[in-house]
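Fold and geometry: a report
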Amino acid sequence: MSWYEAIKVAVQVAEKVKDAELHAAMGALRMEGARLAEENAKLRDENRELREKLATRDALEFRENFFWKGQEGPYCPRCYQEHGKASRMTEHRGRYINDYYKCPVCELKLQDPHGTPVEQAPVRRTRGLL
Ligand SMILES: [Zn+2]
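In this text, all values refer to a predicted model and were calculated from it rather than measured experimentally.

1. Thoughts on the overall build of the chain
From N to C terminus, the chain includes 3 helices and 7 strands. Along the chain, from the amino end to the carboxyl end, the secondary structure elements read α-α-β-β-β-α-β-β-β-β. In the chain, which comprises 130 residues, the proportion classed as buried is 12%. Considering only contacts within the chain whose residues lie at least 6 apart along the sequence, 32% involve residues at least 24 apart.

Right, dumping it as structure tokens:
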């Protein structure tokens, strides 16, 4: 029998006794049980998030201004350092600038391999009209 079922049975028994004070106490017990269940669910979620962050922290390595999981990556340095989140950056072809990586979460753009911000990177020389 779960805690909720046990309280429900106790409330039904208390109703048969017809004692107002007991009935009120059982109602309060039922409310407190619901509050504790909600708090427990919230703590479980928080615990899961912290375990994921810890696993990510152990797995990521900083190389050439990006974070990497072995050969997998790159991961956004801003998202990881500011929020502990591993956001995989996507590769983009620059039309007027060199190719770059962009974070889908914070939209940080960096160029490989040194992680130079796109705004500071030299403009690509074109060989004529594209
Ligand atoms: Zn990011």
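2. Remarks on the pairing of strand β2 (residues 66–69)
Consecutive side chains of a regular strand alternate in pointing toward one face of the sheet and then the other. By the bridge criterion, 3 bridges tie strand β1 (residues 61–63) to β2 in an arrangement that is antiparallel. Looking at the pairing, Phe-62 lines up with Phe-67 of β2. Counting the residues between successive antiparallel strands, the hairpin from β1 to β2 contains 2 residues, one of them, Glu-64, with a positive phi of roughly 50°. Pairing of β2 with strand β3 (residues 72–75), which is carried by 2 bridges, proceeds in the antiparallel orientation. Along β3, the bridge assignment pairs Phe-67 with Tyr-75. The loop that links β2 with its antiparallel partner β3 comprises 2 residues; one of these, Gly-70, has a positive phi angle of about 65°.

3. Here we look at the sheet that holds β2
Strand order in the open sheet formed by 3 strands is β1-β2-β3, and the pairing between neighbours is antiparallel. Each of the sheet's edge strands pairs with one partner strand only, and the pair in question is β1 and β3. For this sheet the average axis-to-axis angle between neighbouring strands, irrespective of direction, equals 35°.

4. Things to note about unusual backbone geometry
Along the chain, Gly-73 connects to Pro-74 via a cis peptide bond; the corresponding omega equals 5°. In this fold, Pro-74 is placed in strand β3. Even without a glycine there, the phi angle at Lys-18 is positive, about 60°. Position of Lys-18 among the secondary structure elements: in the loop between α1 (3–17) and α2 (20–59).

Criteria and thresholds
- Per chain, residues are indexed from 1 in the order of the written sequence.
- Reporting in this predicted model follows two pLDDT cut-offs: at least 70 for local features of residues, and 80 or more for side-chain atom pairs to be given and counted; totals over whole chains, interfaces and linings ignore these cut-offs and use all residues.
- Runs of H or I in DSSP of at least four residues are treated as helices and runs of E of at least two as strands, each being numbered from the N terminus.
- Here exposure depends only on C-beta density: within 10 Å of a residue's C-beta, 20 or more other C-beta atoms make it buried, 12 or fewer make it exposed, and intermediate numbers make it partly exposed, the C-beta atoms being placed from the backbone.
- Note that contacts rest on C-beta atoms placed from the backbone: two residues are in contact if these are within 7 Å.
- Whether two strands pair comes down to DSSP finding at least two bridges between them.
- Each axis is a line fitted through C-alpha atoms, taken for helices only over the stretch in contact, and angles between the N-to-C directions span 0 to 180 degrees.

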